[in-house]
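In case you want the letters, here they are:
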Amino acid sequence: MDVNKEEFESTCRLFIDSVNNYFSVLTEHDSEINVPFLKDITQLELKQYTGMIGVSGNKKGYVYFSADQELFEELISIFIGIEDPDKDDLMDMAGEISNVIAGNIRANLGSNFIISVPLVFEGRPDDLEFPENTFVYVIPMAWKNHHAYVIVGLQ
Amino acid sequence: MKLLIVDDSSIMQRTIQKNLNDYDLEIVGTASNGSQAIELVKTHKPDVITMDITMPEMDGITCLENIMTIHPTAKVMMITALSDKLTGLQALEKGARGFIYKPVNSENLTRALDKLLKRNVNGRQ
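Residues numbered from 1 in each chain as written. Chains lettered and ligands numbered in written order. Predicted model: local features only at pLDDT ≥ 70, side-chain atom pairs only at ≥ 80, totals over all residues. Heavy atoms only, no water.

A.B. asks: Can you explain helix α3 (residues 60-70) of chain B? Please cite residues and give values.
C.D. replies: All names here are of chain B. Within α3 the residues assigned to the buried category are Gly60, Ile61, Cys63, Leu64, Ile67 and Met68. In a view along the axis of α3, the buried residues occupy a sector of 155°, so they form one face of it. Where α3 is buried, its residues touch α2 (34-44), β3 (48-51), β4 (75-80) and α4 (85-93). For α3, the N-terminal capping position is held by aspartate 59, with its side-chain oxygen 2.9 Å away from the main-chain nitrogen of isoleucine 61. (Buried < 20%, exposed > 50% of the residue type's maximum accessible area, 1.4 Å probe, protein only. Helix = DSSP H or I, 4+ residues; strand = E, 2+ residues; numbered from the N terminus. Arc of directions from axis to C-beta. Contact = heavy atoms within 4.5 Å. Polar contact = N/O pair within 3.5 Å; in protein donor to acceptor, adjacent residues only side chain to side chain.)

A.B. asks: Lay out the pattern of salt bridges in plain terms, naming residues and giving numbers.
C.D. replies: Evaluated as defined, the whole model comprises 12 salt bridges over all chains. Residues lysine 5 of chain A and glutamate 9 of chain A are paired through a salt bridge, measuring 2.9 Å at the closest nitrogen-oxygen approach. Note that lysine 5 of chain A and glutamate 9 of chain A are positioned in helix α1 (residues 5-26) at a spacing of 4 residues, about one turn of the helix. Here the salt bridges share partners, and the residues they tie into one network are Glu96 of chain A together with Asp7, Asp52 and Lys102 of chain B. (Salt bridge = Lys/Arg side-chain N within 4 Å of Asp/Glu carboxyl O.)

A.B. asks: Quick one: what's the story with empty space enclosed by the protein, residue by residue and with numbers?
C.D. replies: Counted by the stated rule, this structure contains 2 cavities of 30 Å³ or more. By volume, the largest cavity is sized at about 90 Å³. Along its surface, the largest cavity is lined by 13 residues, and Tyr22, Leu26, Phe79 and Glu96 of chain A together with Met12 of chain B are the ones closest to its centre. Those elements giving two or more residues to the lining of the largest cavity turn out to be α1 and α3 (87-103) of chain A together with α1 (10-18) of chain B. Its residues placed into classes, the lining of the largest cavity shows 9 nonpolar, 2 polar and 2 charged. What lines the second largest cavity is simply Glu7, Thr11, Lys59, Phe135, Tyr137, Val152, Gly153, Leu154 and Gln155 of chain A. Looking at the lining of the second largest cavity, the elements with two or more residues in it are α1 and β8 (146-154) of chain A. Looking at the lining of the second largest cavity element by element, the count peaks at 3 residues for β8 of chain A. Partitioning the lining of the second largest cavity into residue classes produces 4 nonpolar, 3 polar and 2 charged. (1 Å grid on protein atoms, 1.4 Å probe; cavity = no way out; pocket = protein on both sides within 12 Å on 5 of 7 lines; lining within 4 Å. Points joined across faces, edges and corners; volume = space filled by probe spheres on them. Nonpolar A, V, L, I, M, F, W, Y, C, P; charged D, E, K, R; others polar.)

By themselves, these are just geometric observations and shouldn't be taken as functional.
See below:
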C-alpha cells in the first residue's frame, strides 16, 4: 500500500486549517503546527486525554485530538474562568475540541462528511479504532507551551 | 425572556451562559441532547433556544423539527461545528431563526444574539 502524496497533503491541510482556526478564534495565541507524518497504529502515542470522532459518509474512519491535562485546563480557564476543572470537565473539553475540529472539515468536504458524537478516553486504549488498510496521519501541534496530536485515519 | 441552552458539552453550555450577562434572559434549563430539550420546552416554553446539532439520542435538527411543532414561536439559534452551507440552510428551512458555526467566541455569539433578539448594539432589548 503506497501513500498518495497529494491526498496526504490535502487531508493534512484541511485539519491544520481547522486546528489553526479553532485556536485563533477562541484564544489570543495561534497554534503552531509541526510536520505531519505517517505512523503505524501500533506505535501511535497518545497524550493524557483524547477525544475521538467517528466519520462516515463519503469518508470513513476516525479523527482524534489528544493532549495533556494542562492544555485543556488552560482552555477551560479562558472559556469559563474555572482554574481547577474536574476530570469530567477535562474530558468534556477534549470531546468538544475534537467535535469542532472534525465538524469544521465539512466546510470543505460537505455534509456527506458525517461525524459522530465524541468518545473521550484517558490514556491509551489497547485497541485504537481505525479502518483496515488505512494510512494514519499524525499532525503534531503546539499551543502556547502545550503539545498535542491530531490523528487522522480516513478511507 | 426565557432561554434554554442545548449542547452536549457542559463547557459549551457554561461558555454560552457566561456571555449572557448583558441580556435580560432567564436561563430556564440546559439540555445535553434533543430528548431532554423537548421535555424542557414542553415544561418551560422558552422564548429563545440555543441548539447544538451533533448530540447523542436526538440530534439538533430532529429536535428543532419537534420544537417547531410543539412551540413554533420559539426563536431557535443553531450553534454547531458542522460548518457546511447545506446544514445551515436545512436548519433555517426547518424553522431556525439563526445559525452560527463553532468555534464561537464572545464577539460572534453576541452579534448573533443581538440579531436574533433584534437588539440595538448600544441598547438593551
